Amino acid sequence: MHQDIGLKLSRVPRLWRAILDERLAPLELTQTRWVTLYHLSKMGDGQPQCDLARSIGVEAPSLVRTLDQLTEQGLIERRPSDEDRRTKRVYLTAKATPLLKKIETVVEQARVEMLEGVSDEDVDKLDAFLSCIERNGQRLQSRGPCDDE
């Protein structure tokens with residue numbers, strides 16, 4: 001039974017994102033675009049590009065193209081940081097607000113449907129378990145491959 005946990009941990013997020021991609025397609029948003037907008041809305045305006053990339057789980061250079069596309073769509077703008085002119089900060093535009101509300105609605109509906117049959121107590125436990133697994137994984141990753149020999 002425990003052997004299947006890793007497979008399930010990799011399949012569920014892919015399934016969840018595929019459902020969201022399908023439902024957000026009418027808004028003409030690719031996965032990278034809606035994920036970027038969603039993370040920025042949760043983190044708050046004025047995030048440095050590198051922090052936004054880290055939150056999403058991509059390298060900063062990989063995010064640049066997506067930010068260019070979102071800028072072209074008028075959904076974000078990038079401004080130089082007051083503290084460090086080399087750093088660009090990302091801001092949502094007014095045009096992004098109604099789109100983010102639609103994204104939130106779709107995400108919430110998918111969450112409700114995906115968690116159907118799971119009690120609030122079990123969701124809380126799942127959240128705690130996943131947090132523990134994530135911490136363990138981060139600890140293992142920071143140790144490196146030969147640290148426990």
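Above: the structure in question.
Keep in mind that what you see is a predicted model, and the values were worked out from it rather than measured. (Residues numbered from 1 in each chain as written. Predicted model: local features only at pLDDT ≥ 70, side-chain atom pairs only at ≥ 80, totals over all residues. Heavy atoms only, no water.)

J.: Just checking my understanding: could you explain a nonpolar patch on the surface for this structure?
T.: Residues Ile-5, Leu-9, Leu-126, Phe-129, Leu-130 and Ile-133 make up a contiguous nonpolar surface patch of about 510 Å² in total accessible area. Those elements that provide at least two residues to the nonpolar patch are helix H1 (3-24) and helix H6 (120-143). Ranked by the residues each element gives to the nonpolar patch, the list is headed by H6, at four residues. Along the chain, Leu-126 falls in helix H6. Judged by relative accessible area, Leu-126 falls into the partly exposed class, the value being 39%. (Patch = residues over 30% accessible without salt bridge, like charges linked within 9 Å, V, L, I, M, F, W, Y side chains within 5 Å. Areas by Shrake-Rupley, 256 points an atom, 1.4 Å probe, with all protein chains shown as cover. Salt bridge = Lys/Arg side-chain N within 4 Å of Asp/Glu carboxyl O. Helix = DSSP H or I, 4+ residues; strand = E, 2+ residues; numbered from the N terminus. Buried < 20%, exposed > 50% of the residue type's maximum accessible area, 1.4 Å probe, protein only.)

J.: Help me out: how do you make sense of the sheet that holds strand E1 (residues 47-48) in this one?
T.: Strand pairing in a sheet takes place through backbone hydrogen bonds and is either antiparallel or parallel in direction. Spatial ordering of the open sheet is given by E1-E3-E2, a layout of three strands whose pairing is antiparallel. Each end of this open sheet is capped by a strand with a single partner; those strands are E1 and strand E2 (76-80). Where helix H4 (residues 60-72) meets the sheet, it contacts E2 and strand E3 (88-92), and its direction lies at approximately 115° from that of E2. (Pairing = 2+ DSSP bridges. Contact = heavy atoms within 4.5 Å. Axes fitted to C-alpha atoms, helices over the stretch in contact; angles between N-to-C directions.)

J.: Sorry if this is basic, but what is going on with unusual backbone geometry here?
T.: A negative phi angle is the norm for most residues apart from glycine, just as the trans form is the norm for most peptide bonds. Unusually for a residue other than glycine, Glu-28 sits at a positive phi of about 60°. Structurally, Glu-28 is set in the loop between H1 and helix H2 (31-43).

J.: Is there a simple way to explain the nonpolar core in this structure?
T.: Most often, soluble globular proteins keep nonpolar side chains buried together rather than apart. In this structure, Leu-20, Trp-34, Leu-37, Leu-52, Ile-76, Leu-92 and Ile-103 are the most contacted members of the largest nonpolar core, which totals 25 residues. Going through the elements one at a time, H1, H2, helix H3 (49-56), H4, E3 and helix H5 (96-114) are the ones with two or more residues in this core. Discounting chain neighbours no more than four positions away, the residues touching Leu-52 are Thr-36, His-39, Leu-40, Met-43, Leu-63, Leu-67 and Val-90. (Core = buried A, V, L, I, M, F, W, Y, C linked by side-chain atoms within 4.5 Å.)

J.: What exactly am I supposed to notice about the side chain of Ser-81 here?
T.: Note on placement: Ser-81 falls in the loop between E2 and E3. For Ser-81, a relative accessible area of 4% puts it in the buried group. A distance of 3.0 Å separates polar atoms of two side chains, one belonging to Ser-81 and the other to Glu-83. A polar contact of 3.5 Å, which involves the side chain of Ser-81, links it to the side chain of Arg-89. Those residues within four positions of Ser-81 in sequence are excluded, and the remaining contacts are Thr-87 and Arg-89. (Polar contact = N/O pair within 3.5 Å; in protein donor to acceptor, adjacent residues only side chain to side chain.)

Taken by themselves, the reported measurements are silent on function.
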